[in-house]
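# Fold and contact review
Listed below, chain by chain, are the residues.
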Amino acid sequence: MPPTAADPTLLALRIDTALPQTQCTRCGYPDCAGYAQAVAAGEAGINQCPPGGEEGIRRLAAITGRPPAPLSAEHGIEGPRTVAWIDEDWCIGCTLCLKACPTDAIAGANKRMHTVIEQWCTGCERCIPVCPVDCIHLDNASGERTGWAAWSAADAAWARERYGLHAERQRREERENAQRLQSQAQAKLADIAAHSSLTDPAVLDRKRSLIEAALARAKARR
């Protein structure tokens, strides 16, 4: 029996587990978990996941108790599993695709050629629109098999794990960047006159107050 409306957290978890975890955002939400929460809350239909296709809709119908519906054309069409690849002759090393990839399946560095780690790629296509030179392309990786016929539970579990690692890395880098900026601000605050071309004591005091206020806001956000 599907969880009741009084149990939205469990319902969202069950829905998320039934999704392919490509994190493609074609459903209209930032990730699979966000879509699952929206479905559980009755804010989204069960037919908005193109990677899951018709089989995915049937799975969500069984979990939610809602009747199956055709895949929403607004959100895309069911298709084969795809894998991205980068044309090395055109890649300029801008790193935009690295930032867009939800599973860290693209390796590279600034002004260095990038490459796709095929086994980590979910075919989400999020790297394609951010590429300024259109050097990222998709290959059919499953032939005529589409939806869940082209994607397994093991694939979904692996993609979900990769997405979790990606999210944790982003949070870590944000914390490290915030700490670095705070250290720089504190160093300037300790000897503000040496770090400024200003000499007017009143102006320096105002600048000191601004830095102190910014540090206080940063501390409050943590």
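To be clear, the structure that these remarks concern was listed above.
Summary of the structure given here. (Residues numbered from 1 in each chain as written. Predicted model: local features only at pLDDT ≥ 70, side-chain atom pairs only at ≥ 80, totals over all residues. Heavy atoms only, no water.)

## Focus on the environment of Pro 80
So the rule is basically this: For the purposes of this entry, the term helix denotes a DSSP run of H or I that reaches at least four residues, the term strand denotes a run of E that reaches at least two, and both are numbered from the N terminus. With a 1.4 Å probe rolled over the protein chains alone, any residue whose accessible area is under 20% of its type maximum counts as buried; one over 50% counts as exposed, and the rest are partly exposed. Whether two residues are in contact is decided by their heavy atoms: any pair within 4.5 Å suffices.
If you trace the backbone, Pro 80 turns up in the loop between helix H3 (53-64) and strand E1 (82-86). With relative accessibility at 33%, the residue Pro 80 sits in the partly exposed group. For the pair formed by Pro 80 and Asp 139, sequence separation is 59 residues and the distance between their alpha carbons is 9.6 Å. In contact with Pro 80, other than residues within four places in its own chain, are Asn 140, Ser 142, Gly 143, Arg 145 and Thr 146.

## Comments concerning the packing of helix H1 (residues 8-17) against helix H2 (residues 32-40)
What counts, and what does not: Orientation is described by lines fitted to C-alpha atoms, with helices fitted over the stretch in contact, and by angles between N-to-C directions that extend from 0 to 180 degrees. Oblique is the label for every angle not falling under 35 degrees (roughly parallel), over 145 degrees (roughly antiparallel), or within 65 to 115 degrees (roughly perpendicular). Throughout, a crossing is termed right-handed when the near helix is turned clockwise from the far one, and left-handed when it is turned anticlockwise from it by less than a right angle. Charged residues are taken to be Asp, Glu, Lys and Arg, nonpolar residues to be Ala, Val, Leu, Ile, Met, Phe, Trp, Tyr, Cys and Pro, and polar residues to be all remaining types, Gly included.
Relative orientation of the contacting elements H1 and H2 amounts to 130°, with a least axis distance of 8 Å. As the angle between them shows, H1 and H2 are arranged oblique. You can see that H1 and H2 cross each other, and the crossing is right-handed. Residue-level inspection shows Pro 8, Leu 11, Ala 12, Ile 15 and Asp 16 of H1 in contact with H2, the latter providing Cys 32, Ala 33, Ala 36, Gln 37, Val 39 and Ala 40. Among the residues making up the contact of H1 with H2, the classes are represented as nine nonpolar, one polar and one charged.

## Let's talk about H2
Burial analysis of H2 places seven of its nine residues in the buried class, the great majority of the element. Those residues of H2 that sit buried are Cys 32, Gly 34, Tyr 35, Ala 36, Ala 38, Val 39 and Ala 40. Of the surrounding elements, those touching the buried residues of H2 are H1 and H3. Positive phi appears at Gly 42, one or two residues downstream of H2, with a value of about 80°.

## What to know about the packing of H1 against H3
Remark: H1 packs on H3, axes separated minimally by 10 Å, with the N-to-C direction vectors making an angle of 160°. Classed by the angle they form, the pair H1 and H3 counts as roughly antiparallel. You can see that H1 and H3 cross each other, and the crossing is right-handed. Two secondary-structure elements touch here, H1 through Leu 11, Arg 14 and Ile 15 and H3 through Leu 60, Ile 63 and Thr 64. Its residues assigned to classes, the contact of H1 with H3 comprises four nonpolar, one polar and one charged.

## Overview of the packing of aromatic side chains
Short version of the rule: Only Phe, Tyr and Trp rings are paired, with Trp represented by its six-membered ring, and only when their centres lie within 6.5 Å; those with planes under 30 degrees apart are stacked, over 60 edge-to-face, the remainder tilted. Our definition puts a charge over a ring when NZ of Lys or CZ of Arg is within 6 Å of the ring centre and also within 35 degrees of the ring normal.
What the rule picks out here adds up to one aromatic pair. For the ring pair Tyr 29 and Tyr 35, a centre distance of 6.1 Å and an interplane angle of 35° mean the geometry is tilted. Look at Tyr 29 and you get partly exposed, because its relative accessible area is 23%. Lying over the aromatic face of Trp 120, Arg 162 brings its terminal NZ or CZ to 3.6 Å of the ring centre.

## Notes on the pairing of E1
Put simply, the rule is: Two strands qualify as a pair provided that DSSP identifies no fewer than 2 bridges between them.
In terms of residue burial, E1 counts as a mostly covered element, since four of its five residues are buried. Inspection of the sheet shows E1 paired to strand E4 (residues 136-140) by five bridges, in the antiparallel sense. Paired with Trp 85 across the bridge in E4 is His 137.

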